[in-house]
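Geometric and topological summary
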Amino acid sequence: MSSHTAHEALGVVIWLFFIAYAVMKYYSNLEKLILITIVSFLFCYIGSTLPDIDNKKSRAFRRMNFFIAVGVFSAVFYYLSKTASSLEKAVISVIVSALITLGVVLTVTFIMPRHRGPIHSFKTGMIYGLFVLIISFFIFRNYLLAVLIGFFAFLSFASHLLLDKA
Ligand SMILES: [Zn+2]
């Protein structure tokens, strides 16, 4: 098993404990339970491999760059194309969006700290957990649920650090 797969597997194991709790608590509200399942899975899954974004050869790093590129390109292009009245302007919007996207991706690559440096720390895991807590609260408007999802996201991040040391 590659180390990437091992990290993902551990993230899924941690998520299973959360989802066992969620099923017990929300089995009567299937719609909500499905949304909880998806959101919590994504955050545990991402958390378990997230620390390796500081390794430029890792799948986590390439994945992150891919999402940043799609996000930045879409946002810039959406903004620019709103005022593009001609084909020429639309083509320029595409070129400018691509250049800005390239600039952002290269900047992220350049400023990324060394592998297993500050990103491989429980402090960064806590920031990730807090970030997940806030997003989850906006989705579910429920403090306990948001805190739990944030905590399990932190656990999956922390599991990565422990597995790296094992
Ligand atoms: Zn790692």
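Residues numbered from 1 in each chain as written. Predicted model: local features only at pLDDT ≥ 70, side-chain atom pairs only at ≥ 80, totals over all residues. Heavy atoms only, no water.

**Focus: unusual backbone geometry**
Here the phi dihedral of Arg116 falls at roughly 55 degrees; this positive angle occurs in a residue that is not glycine. Counting through the fold element by element, Arg116 comes out in the loop between α4 (87-111) and α5 (122-140). A positive phi angle, near 55 degrees, is found at Arg141, a position not held by glycine. Inspection of the secondary structure assignment puts Arg141 in the loop between α5 and α6 (143-165). A residue is classified by how much of its surface remains accessible, and Arg141, at 57% relative accessible area, is exposed. (Helix = DSSP H or I, 4+ residues; strand = E, 2+ residues; numbered from the N terminus. Buried < 20%, exposed > 50% of the residue type's maximum accessible area, 1.4 Å probe, protein only.)

**Digging into the coordination of the zinc ion**
Looking at the zinc ion, the protein donor atoms are Asp52 (OD), His120 (NE2), His160 (NE2) and Asp164 (OD), and they sit 2.1 to 2.2 Å from it. Residue classification places Asp52 among the buried positions, given a relative accessible area of 9%. Since its relative accessible area comes to 19%, Asp164 is described here as buried. (Donors = N, O, S within 2.8 Å, 3.2 Å for Na, K, Ca; no water.)

**What to know about a nonpolar patch on the surface**
Residues Leu30, Ile34, Ile38, Leu42 and Ile46 make up a contiguous nonpolar surface patch of roughly 450 Å² in combined accessible area. With respect to the element layout, Ile34 can be found in helix α2 (residues 30-49). Its relative accessible area of 45% is what places Ile34 among the partly exposed residues. (Patch = residues over 30% accessible without salt bridge, like charges linked within 9 Å, V, L, I, M, F, W, Y side chains within 5 Å. Areas by Shrake-Rupley, 256 points an atom, 1.4 Å probe, with all protein chains shown as cover. Salt bridge = Lys/Arg side-chain N within 4 Å of Asp/Glu carboxyl O.)

**Observations concerning α6**
Its 23 residues give α6 an end-to-end C-alpha distance of 33 Å, which sits within 8% of 33 Å, the value for a rise of 1.5 Å per residue. A distance of 3.1 Å separates the backbone nitrogen of Leu144 from a side-chain oxygen at the start of α6, and that oxygen is part of Asn142. (Expected span 1.5 Å × (residues − 1). Polar contact = N/O pair within 3.5 Å; in protein donor to acceptor, adjacent residues only side chain to side chain.)

**Here's the deal with the side chain of Ser156**
On the secondary structure map, Ser156 appears in helix α6. Judged by its relative accessible area of 0%, Ser156 is buried. Leaving out residues up to four positions away in the same chain, Ser156 has contacts with Gly11, Ile14, Phe43, Cys44, Gly47 and Ser48. (Contact = heavy atoms within 4.5 Å.)

**A closer look at the nonpolar core**
The biggest cluster of nonpolar side chains holds 21 residues, and the ones touching the most others in it are Phe18, Ile36, Phe43, Leu145 and Ile149. Among the elements that make up this core, the one with the highest residue count is α6 (7 residues). When near neighbours in sequence (up to four residues on either side) are disregarded, Ile149 contacts Phe18, Ser40, Phe43, Val132, Ser136 and Phe140. Within the second largest apolar cluster, 7 residues are counted, among which are Phe61, Met64, Val108 and Met112. (Core = buried A, V, L, I, M, F, W, Y, C linked by side-chain atoms within 4.5 Å.)

**Things to note about the side chain of His4**
Residue position: His4 is located in helix α1 (residues 3-26). A residue is classified by how much of its surface remains accessible, and His4, at 10% relative accessible area, is buried. A distance of 3.0 Å separates a polar atom in the side chain of His4 from a polar atom in the side chain of Glu8. Residues contacting His4, with those up to four places away along its chain left out, are Thr49, Arg59, Ala60 and Arg63.

**Considerations on the packing of α1 against α6**
The axes of two packed helices give the description: the angle between them and the distance between them. Relative to each other, α1 and α6 sit at 160 degrees, their axes nearing to 9 Å. What the angle tells us is that α1 and α6 run roughly antiparallel. Our pair here, α1 against α6, has a crossing hand that is right-handed. When α1 is examined against α6, the residues Ala6, His7, Leu10, Gly11, Ile14, Phe17, Phe18, Tyr21, Lys25 and Tyr26 are found in contact with a partner set consisting of Leu144, Leu145, Leu148, Ile149, Phe152, Leu155, Ser156, Ser159, His160, Leu163 and Asp164. Along the lines of polarity and charge, the residues of the contact of α1 with α6 split into 14 nonpolar, 5 polar and 2 charged. (Axes fitted to C-alpha atoms, helices over the stretch in contact; angles between N-to-C directions. Parallel < 35°, antiparallel > 145°, perpendicular 65-115°, else oblique. Left-handed = near helix turned anticlockwise from the far one by under 90°. Nonpolar A, V, L, I, M, F, W, Y, C, P; charged D, E, K, R; others polar.)

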